[in-house]
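Below, each chain spelled out in residue letters.
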Amino acid sequence: MTMATEPRPDQAASPASKRGSTLILIAFALALVGIVATTVALLPRGDKPSALSVVGGPFQLESSKGGTVDSRALKGKPFLVFFGFTQCPNVCPTTLADLGTLLDEFAAEGGDLQAYYITLDPERDTQEVMREYMASFTDRITGLTGTPQQIEGVIRDYRAFVKRVPLPGGDYTLEHTLMVYMMDRDGGFAGPLDLNAGHALALKQLRKLVAAGRNS
């Protein structure tokens, strides 16, 4: 599966790297569709779920705002999911800041949508660490963490990719999937949010996500 490698902390993001991230996102989305299409093709005949519905699943994780977030309580509400880790040098904080601005713009026009930033590094990203880290971003994004087993389950359910990469001195960083998942009001995957194309298009995606199924 296509993945993205985190730039080193001393490497500033360039226009070329941004274009590369766009291509990575497109490649990942195409690969993801291929995976879910294959999964559905192997299901028994009869009623089949939407291909995209095989991405996502229930979770109960510790919130950066205190307490826990249970995905069952989100039933009936679309939401966004983004994976990363607090020691991510460039892409994660940049995406969180951009996503926060987008959600604030959406709220200004009357939209109501929450996003969840799920750590891929639960060993270092405790609930307290997540609370301090998320304070730099809009409160419309909630940080989530849990036990390694819980996080592994979410990674598996969301078909995400993560790879631990050793660094000199015994430290490590993570290579991981870069995508903002749009989840519908039934908890199914509605597609990737395209932040790279600009906020005008992304806002259209959010409006469609929130409107879908409203009158069903």
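Overview of the structure.

Cut-offs used in this document
- Residues numbered from 1 in each chain as written.
- Predicted model: local features only at pLDDT ≥ 70, side-chain atom pairs only at ≥ 80, totals over all residues.
- Heavy atoms only, no water.
- Pairing = 2+ DSSP bridges.
- Helix = DSSP H or I, 4+ residues; strand = E, 2+ residues; numbered from the N terminus.
- Axes fitted to C-alpha atoms, helices over the stretch in contact; angles between N-to-C directions.
- Contact = heavy atoms within 4.5 Å.
- Salt bridge = Lys/Arg side-chain N within 4 Å of Asp/Glu carboxyl O.
- Buried < 20%, exposed > 50% of the residue type's maximum accessible area, 1.4 Å probe, protein only.

Digging into the sheet that holds strand 9 (residues 189-193)
Across the sheet, 7 strands lie side by side as 2-1-5-4-3-8-9; this open sheet has mixed pairing. At either margin of the open sheet sits one strand with a lone partner, and together these are strand 2 (68-70) and strand 9. Within the sheet, the average angular offset between the axes of one strand and its neighbour, ignoring direction, is 35°. Two elements, strand 3 (residues 79-84) and strand 8 (residues 180-183), share 4 bridges in a ladder whose sense is antiparallel. When the bridges of strand 8 are listed, F82 appears paired with V180. Of the strands in this sheet, strand 3, strand 4 (114-119), strand 5 (141-145), strand 8 and strand 9 touch helix 2 (residues 91-108), which is tilted by about 165° from strand 3. Seen against the sheet, helix 3 (residues 127-134) touches strand 1 (60-63), strand 4 and strand 5 and runs at an angle of roughly 160° to strand 5.

Observations concerning the pattern of salt bridges
As enumerated under the stated definition, the model contains 8 salt bridges in all. Put simply, E109 and R207 hold a salt bridge, and the shortest N to O gap is 2.7 Å. Within this pair, whereas E109 is found in the loop between helix 2 and strand 4, its partner R207 is found in helix 5 (residues 199-211), the two being separated by 98 residues in sequence. Given a relative accessible area of 42%, E109 falls into the partly exposed group.

Some words on the side chain of T145
Along the chain, the position of T145 falls in strand 5. The exposure class of T145 is buried, given its relative accessible area of 2%. Discounting chain neighbours no more than four positions away, the residues touching T145 are L61, E62, T119, P122, D125, T126, Q127, M130 and I151.

Some remarks on the pairing of strand 7 (residues 172-176)
Counted residue by residue, strand 7 has 5 buried out of 5 residues, so it is predominantly covered. When strand 6 (residues 162-166) meets strand 7, the two strands line up antiparallel, connected through 5 bridges. Bridged to K163 within strand 7 is E175. As consecutive antiparallel partners, strand 6 and strand 7 are separated by 5 residues, and within that stretch G169 has a phi angle of approximately 90°, a positive value.

Function-wise, these values are silent; they only describe arrangement.
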